[in-house]
Amino acid sequence: MYHFIILSFLFFFTRILPFFFVKKKIGVDHWYWTLYIRKMKETGLFPPEIPQYLLDEKQWYPPLFPFLLSKLPEKVFLKYSKYIALIIDYFRFSILFFIIIQIFENNVYAIYAG
């Protein structure tokens, strides 16, 4: 279990470190999801059509993710989107860590996976 705690600290350090060197402190996905949520609320379409993004004719994220994001008030999303991304990434990290522990029953593999 102490491996998980150490890796958690390393995870947060490596994920938060870029925020100290970037002025705007938000990622590229922030703008995509902001537009996505606005279009979805304006048109009522799911997934919304966003012609500005040439690579995404249709949305490819799990449908629950943008639906849940759209339920957040816009001010909350704009203010806390970077934390939402960190929480989601940490949740995925935790799941991966514990799945690897269960499959291989070896902390070394889980450490490498983390």
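Use the structure listed above.
Owing to the predicted nature of the structure, the values given are computational and were not obtained by experimental measurement.

Novice: Can you lay out the side chain of serine 70 for me, pointing to particular residues and giving the numbers?
Specialist: With respect to the helices and strands, serine 70 occurs in helix H3 (residues 64-71). Among the polar contacts made by the side chain of serine 70, one reaches the main-chain carbonyl oxygen of phenylalanine 67 at a distance of 2.6 Å. In contact with serine 70, not counting residues within four places along its chain, are Ile37, Met40 and Lys41.

Novice: Tell me about helix H1 (residues 2-16), and please be specific about residues and values.
Specialist: Within an α-helix, residues lying three or four positions from one another point in the same direction, as the helix has 3.6 residues per turn. Between the first and last C-alpha of H1 there are 21 Å, a value that for 15 residues agrees with the 21 Å anticipated at 1.5 Å per step. Looking at H1, one finds that the buried residues are His3, Phe4, Leu7, Ser8 and Phe11. All buried residues of H1 project into a common sector of 135 degrees when viewed along the axis, lining one side. In this structure, H1 carries Tyr2, Phe9 and Phe13 as exposed residues pointing more than 90 degrees from its buried face.

Novice: Report on the packing of aromatic side chains, specifying residues and quantitative values.
Specialist: Counted by the stated rule, this structure contains six aromatic pairs. For the pair tyrosine 32 and tryptophan 33, a centre-to-centre distance of 5.0 Å together with 80 degrees between the ring planes defines the contact as edge-to-face. You'll find tyrosine 32 and tryptophan 33 in the same group, each marked buried. Judged by centre distance (5.0 Å) and plane angle (85 degrees), the ring pair of tryptophan 33 and phenylalanine 65 falls under edge-to-face. Note that tryptophan 33 is positioned in helix H2 (residues 28-43) and phenylalanine 65 in helix H3, a separation of 32 residues in sequence. For tryptophan 33, a relative accessible area of 5% puts it in the buried group. Given the relative accessible area of 24%, phenylalanine 65 is considered partly exposed. Among the aromatic residues, those joined into a ring-pair cluster are Tyr32, Trp33, Tyr36 and Phe65.

Novice: I'd like a rundown of the pattern of salt bridges, residues and numbers included.
Specialist: Evaluated as defined, the whole model comprises two salt bridges. Its salt-bridge partner being arginine 38, residue glutamate 74 comes within 2.5 Å of it at the nearest N-O pair. With glutamate 74 in helix H4 (residues 74-104) and arginine 38 in helix H2, this residue pair connects regions lying 36 residues apart in the sequence. Judged by relative accessible area, glutamate 74 falls into the partly exposed class, the value being 35%. Judged by its relative accessible area of 37%, arginine 38 falls in the partly exposed class. As a salt-bridge pair, arginine 92 and aspartate 89 come within 2.8 Å of each other at their nearest N and O atoms. Taken as a pair, arginine 92 and aspartate 89 lie in helix H4 at a separation of three residues, close to a single helical turn. Judged by relative accessible area, which is 18%, aspartate 89 ranks as buried.

Basis of the calculations
Residues numbered from 1 in each chain as written. Predicted model: local features only at pLDDT ≥ 70, side-chain atom pairs only at ≥ 80, totals over all residues. Heavy atoms only, no water. Helix = DSSP H or I, 4+ residues; strand = E, 2+ residues; numbered from the N terminus. Polar contact = N/O pair within 3.5 Å; in protein donor to acceptor, adjacent residues only side chain to side chain. Contact = heavy atoms within 4.5 Å. Expected span 1.5 Å × (residues − 1). Buried < 20%, exposed > 50% of the residue type's maximum accessible area, 1.4 Å probe, protein only. Arc of directions from axis to C-beta. Phe/Tyr/Trp six-rings, centres within 6.5 Å; stacked < 30°, edge-to-face > 60°. Salt bridge = Lys/Arg side-chain N within 4 Å of Asp/Glu carboxyl O.

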